[in-house]
Amino acid sequence: MSKKIIHSFSYEEFNSVSELPKNVHLAVERAKEATNRSYANYSDFLVGAALILESGEIIESSNQENASYPNGLCAESLAFFYASSKHPEQKISAIVITARKRSEDKFRFTPPCGSCRQVMLEYEESQGQKIPVYLAAANHLIYKIPSVCDLLPLSFSGADLE
Ligand code: THU
């Protein structure tokens with residue numbers, strides 16, 4: 001007899017950044033600003049990410065595209081690679097992600113792509129501490145996903161190579 005296995009997770013919705021801790025509020029602003037520095041000449045889809053390090057430092061990034069499309073990099077992956085190469089000793093406390101179309105001012109609910117989920121999971125697992133993912137959407141709404149692993153059930157990771 002087969003048995004059904006249910007995997008579920010919950011996440012929170014905030015109506016305003018003022019309900020968030022101050023550093024997350026600031027990171028939301030920095031992620032939004034970072035969309036102004038996206039190099040997104042092919043998609044016109046501007047993604048901004050802001051990482052909060054345990055020191056309190058905020059590292060922001062934006063998507064960087066390329067005429068050879070697959071060579072482009074997503075904002076989230078860039079932020080993680082940069083943080084790990086510059087501050088390998090520091091844990092990552094949280095990430096904020098947002099995006100907008102170039103032709104619009106309105107920020108959108110933008111969940112990270114599958115590839116970025118895998119990149120983020122690597123660092124979450126290696127640091128042994130959950131990384132909450134905040135998604136800044138339109139109308140000041142913010143969603144908080146408690147950890148990267150919630151976004152990637154049945155994931156493949158370093159443990160599978162042992
Ligand atoms: N993009 C990101 O930066 N992060 C994601 O998680 C989804 C997609 C970028 C890649 C490309 O530059 C543009 O958004 C359209 O896919």
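Quick caveat: nothing in here was measured; it's all calculated off a predicted structure.

(A) Geometry of the sheet that holds strand β5 (residues 133-136). In space, the six strands of this open sheet follow the order β1-β6-β5-β4-β2-β3, with mixed pairing throughout. Lying at the two open borders of the sheet, with one neighbouring strand each, are β1 (12-14) and β3 (58-62). Ignoring strand direction, the axes of neighbouring strands in this sheet form an average angle of 20 degrees. As defined by bridge partners, β1 adjoins strand β6 (residues 142-145) across three bridges and the pair is classed as antiparallel. From the neighbouring strand, Glu13 faces β6, where its bridge partner is Tyr143.

(B) Inspection of unusual backbone geometry at higher detail. Positive phi, normally seen in glycine, also occurs at Asp44, with a value near 55 degrees. Position of Asp44 relative to the elements: it lies in the loop between α1 (22-34) and β2 (45-53). Its identity as a non-glycine residue notwithstanding, His140 has a phi of 65 degrees, on the positive side. Tracing the backbone shows His140 in the loop between β5 and β6.

(C) Representation of the layout of surface pockets in the model. In this structure, the largest pocket spans a volume of roughly 200 Å³. If you go around the largest pocket, you meet 15 residues; those closest to its centre are Phe45, Val47, Asn63, Cys74 and Glu76. Going through the elements one at a time, β2 and α2 (75-86) are the ones with two or more residues in the lining of the largest pocket. When the residues that make up the lining of the largest pocket are grouped by side-chain class, the tally is eight nonpolar, five polar and two charged.

Conventions we followed
Residues numbered from 1 in each chain as written. Predicted model: local features only at pLDDT ≥ 70, side-chain atom pairs only at ≥ 80, totals over all residues. Heavy atoms only, no water. Pairing = 2+ DSSP bridges. Helix = DSSP H or I, 4+ residues; strand = E, 2+ residues; numbered from the N terminus. Axes fitted to C-alpha atoms, helices over the stretch in contact; angles between N-to-C directions. 1 Å grid on protein atoms, 1.4 Å probe; cavity = no way out; pocket = protein on both sides within 12 Å on 5 of 7 lines; lining within 4 Å. Points joined across faces, edges and corners; volume = space filled by probe spheres on them. Nonpolar A, V, L, I, M, F, W, Y, C, P; charged D, E, K, R; others polar.

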